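Residue strings, one per chain:
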Amino acid sequence: MAVNFRNTRFHKLAANIKDCPDEGLPEIVMSGKSNVGKSSLVNALADNKKLARVSAAPGKTRAVVYFNVDRKIMIADLPGYGYARVSKEIKEGFNKLADDYFTSGRHFDLVLHLIDIRHSPSKEDIGMLEYMNSNNVPYFVIFTKCDKMSRAQLKKRIDELSEEFDFSDTANIFAVSSTSKTGLDDLKKAIEEFLFGGQ
Ligand SMILES: Nc1nc2c(ncn2[C@@H]2O[C@H](COP(=O)(O)OP(=O)(O)O)[C@@H](O)[C@H]2O)c(=O)[nH]1
Ligand SMILES: [Mg+2]
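In this report, the structure presented in the accompanying data block is examined.

What counts and how
- Every chain is numbered on its own, with residues counted from 1 as its sequence reads.
- Chains carry letters and ligands carry numbers; both start at the beginning, A for chains and 1 for ligands, and go up in the order they are written.
- Since the coordinates come from a predicted model, pLDDT governs what is reported: local features require at least 70, and pairs of side-chain atoms require 80 or more to be given and counted, while whole-chain, interface and lining totals use all residues.
- Only heavy atoms go into the side-chain values, all of them from the structure, while hydrogens and water stay out.
- We call a residue near a molecule or strand as soon as one heavy atom of that residue lies within 4 Å of the molecule or strand.
- Contacts described as polar in this section are N or O atom pairs within 3.5 Å, which, within protein, must combine one atom able to donate a hydrogen with one able to accept it, while residues neighboring in sequence count only if both atoms come from side chains.
- To measure how exposed things are, a 1.4 Å probe is used in the Shrake-Rupley method; for residues, cover is taken only from the protein chains shown.
- Under the convention adopted here, Pro, Cys and the residues Ala, Val, Leu, Ile, Met, Phe, Trp and Tyr are nonpolar, Asp, Glu, Lys and Arg are charged, and Gly plus all remaining residues are polar.
- By definition here, a salt bridge exists when the distance from a side-chain nitrogen of Lys or Arg to a carboxyl oxygen of Asp or Glu is within 4 Å.
- Only protein chains enter the accessibility calculation, which uses a 1.4 Å probe; a residue whose area is less than 20% of its type maximum is buried, one above 50% is exposed, and one in between is partly exposed.

### What about the site of ligand 1?
Close to ligand 1 lie 17 residues, the nearest being N35, S40, D147, S178 and T179. A distance of 3.0 Å is found between an oxygen atom of ligand 1 and a backbone nitrogen or oxygen belonging to G37. S40 is positioned with one of its side-chain polar atoms (N or O) 2.6 Å from an oxygen atom of ligand 1. Taken by itself ligand 1 offers 580 Å² of open surface, and the protein chains cover 82% of this. Of the residues that constitute the shell around ligand 1, the class distribution is three nonpolar, nine polar and five charged.

### Examining the pattern of salt bridges
Side-chain pairs of opposite charge can arise whenever the charged atoms involved come near each other. The final tally for this structure, using the stated rule, is five salt bridges. Here K72 ties to D70 by a salt bridge, and the two come within 3.0 Å at their closest N and O atoms. Residue classification places K72 among the partly exposed positions, given a relative accessible area of 22%. Here the residues in one salt-bridge network are D116, R118 and K145, joined through shared partners.

Honestly, that's just the spatial picture; any functional story needs more than this.
Here you go:
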């Protein structure tokens, strides 16, 4: 099924797990550290800079933000983890919502786990990848901000990280840049294929 990613609209905010909607659409969850580029990627996929608020200040998203993509997919933009600038209490609160998302038994179809290509994965990243591997959660690993590195460095980084971490055999690995728009078409195709197959 062809998905028109440009037809993406804000759907709703949910400040806790009880308020998270179920509209019966396949759901993609954006996961990853604060500031890794989750909101920018939602905007880039939709080709709409104003859609998801992009912030240079980490830790601003305090809720799950839902987007409806062409009435075919729901995207859940989760609060990130690893905030350095918020208080411990708030930090734990944020983590709780993200944690609840994965442990509440909520159904979702695909996790996009984002890792900044410039940095080594954090222990939260490793924990998340291990969790998804051992719970058979379908995920794509997305290296972000690839405009910040040369192609040669990029390949080296991907090889290095693939060796370092036991990505599941079926894991798809992508490299994107929301700034230069690299890798977005491949990612969109893979999402369509994964969610809708030959339909
Ligand atoms: N150079 C570059 N910067 C990016 C890219 N994607 C996001 N950023 C920047 O990284 C910061 C955090 O992005 P944001 O989307 O708010 O991250 P989030 O906290 O994961 O939602 C912002 O300053 C963005 O402009 C990218 O592909 N390339
Ligand atoms: Mg964000």
